[in-house]
Amino acid sequence: MKRSTSTTAYERNPYVSEYAKRWANGICQLCDQPAPFNDKDGNPYLETHHIEWLSRGGDDTIENTIALCPNCHRKMHILDRKADVEKLKKRVRERLSSLA
């Protein structure tokens, strides 16, 4: 059995993703635990998450991205808990205030 599907792909800035990961310094910004493993280049493996999802109109900017471990990233997309979203927004505000 086959079926046809249609998807929407969003352009992402690789520098925005890299910035979020570097700022996290190998620590998940939701559970505060070290990345579960290193990637093939030896860097801590974290995934970039858009706090306000691109599919919901969020921007691909440093103000809207955070680095999460794979488990927390999946958690955000499955549960989308308000308390977790608020924690991530606070982390971004802290990051931005440290730049000022």
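Here goes a summary of the coordinates provided. (Residues numbered from 1 in each chain as written. Predicted model: local features only at pLDDT ≥ 70, side-chain atom pairs only at ≥ 80, totals over all residues. Heavy atoms only, no water.)

The next thing to look at is the nonpolar core. With 15 residues, the main nonpolar core has C28, L30, L46, L68 and L88 as its most contacted residues. Those elements that provide at least two residues to this core are β2 (65-68), α2 (70-78) and α3 (82-99). Setting aside anything within four residues of it in sequence, one finds L30 in contact with L68, C72, K75, M76, D84, K87 and L88. (Core = buried A, V, L, I, M, F, W, Y, C linked by side-chain atoms within 4.5 Å. Buried < 20%, exposed > 50% of the residue type's maximum accessible area, 1.4 Å probe, protein only. Helix = DSSP H or I, 4+ residues; strand = E, 2+ residues; numbered from the N terminus. Contact = heavy atoms within 4.5 Å.)

Turning our eyes to something else, we now look at the side chain of H73. If you trace the backbone, H73 turns up in helix α2. Those residues in contact with H73, other than ones at most four positions away along the chain, are E47, T48, H49 and L68.

On to α3, then. Here α3 spans 26 Å end to end across 18 residues, near enough to the 26 Å set by a 1.5 Å rise per residue. Along α3, the residues classified as buried are D84, V85, L88, R91, V92 and R95. Down the axis of α3, the buried side of the element spans an arc of 120 degrees, and every buried residue falls inside it. Within α3, the exposed residues directed more than 90 degrees away from the buried face are K82 and A83. Contact partners of the buried residues in α3: α1 (14-24), β1 (47-50), β2 and α2. (Expected span 1.5 Å × (residues − 1). Arc of directions from axis to C-beta.)

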